[in-house]
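Architecture and fold: a report
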Amino acid sequence: MSLSSNNVCFNCENLTASFSCKKHDLSVNLDNYCSDHNYKKSLNKTSNCGNCSKFKTDNCPNSNYASEGLLCFSWSL
Ligand code: SF4
Ligand code: SF4
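Only a predicted model underlies this, so the values are computations on that prediction, with no experimental measurement involved. (Residues numbered from 1 in each chain as written. Chains lettered and ligands numbered in written order. Predicted model: local features only at pLDDT ≥ 70, side-chain atom pairs only at ≥ 80, totals over all residues.)

**With respect to the site of ligand 1**
- Not every one of the 13 residues close to ligand 1 is listed here, only the nearest: Cys9, Cys12, Cys21, Cys34 and His37.
- For the shell around ligand 1, a count of residues per class yields 7 nonpolar, 4 polar and 2 charged. (Near = placed C-beta within 6 Å. Nonpolar A, V, L, I, M, F, W, Y, C, P; charged D, E, K, R; others polar.)

Structure below.
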């Protein structure tokens with residue numbers, strides 16, 4: 001068996017923390033996809049607030065609960 005990844009909203013740069021698409025201003029499901037998908041290459045199983053470039057900055061949309069070990073869809077390198 002070989003594993004593969006799909007280009008879905010879950011791993012798209014345009015997905016926001018409120019499960020909407022910022023490119024299309026649309027509420028989406030994590031397994032939706034469209035031709036404008038932009039792969040969020042850096043998101044992986046070690047991603048968390050502690051290694052997020054937005055941690056403790058004004059760019060973090062969830063600064064009230066952000067802490068080491070937590071994660072949101074706005075995570076970025
Ligand atoms: S651009 Fe497309 S794939 Fe990406 S979040 Fe929006 S609807 Fe989903
Ligand atoms: S809450 Fe999201 S954006 Fe904020 S530091 Fe954590 S992973 Fe990054």
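**Observations concerning the site of ligand 2**
- Taken together, the residues surrounding ligand 2 are Cys49, Cys52, Lys54, Phe55, Cys60, Asn62, Ala66, Leu70, Leu71, Cys72, Ser74 and Trp75.
- Taken together, the residues of the shell around ligand 2 sort by class into 9 nonpolar, 2 polar and 1 charged.

**Considering unusual backbone geometry**
- Positive phi is not limited to glycine here, since Phe19 has a value of about 60°.
- Along the polypeptide, Phe19 turns up in the segment before strand E1 (20-21).
- The partly exposed category is assigned to Phe19, around which 14 C-beta atoms lie within 10 Å.
- A positive phi angle, near 50°, is found at Asp25, a position not held by glycine.
- Relative to the elements of secondary structure, Asp25 occurs in the loop between E1 and strand E2 (26-27). (Helix = DSSP H or I, 4+ residues; strand = E, 2+ residues; numbered from the N terminus. Buried ≥ 20, exposed ≤ 12 C-beta atoms within 10 Å, placed from the backbone.)

**Some points on the domain arrangement of the protein**
- Entries for the protein in the domain assignment read domain 1 (7-41) and domain 2 (44-77).
- For domain 1 and domain 2, the distance between their C-alpha centroids amounts to 18 Å. (Domains from an automatic or database assignment.)

**Describing the environment of Ser53**
- Tracing the backbone shows Ser53 in the segment after E2.
- A tally of 11 C-beta atoms within 10 Å means that Ser53 is categorised as exposed.
- Apart from the residues within four sequence positions on either side, Ser53 is in contact with Ser76 and Leu77. (Contact = placed C-beta atoms within 7 Å.)

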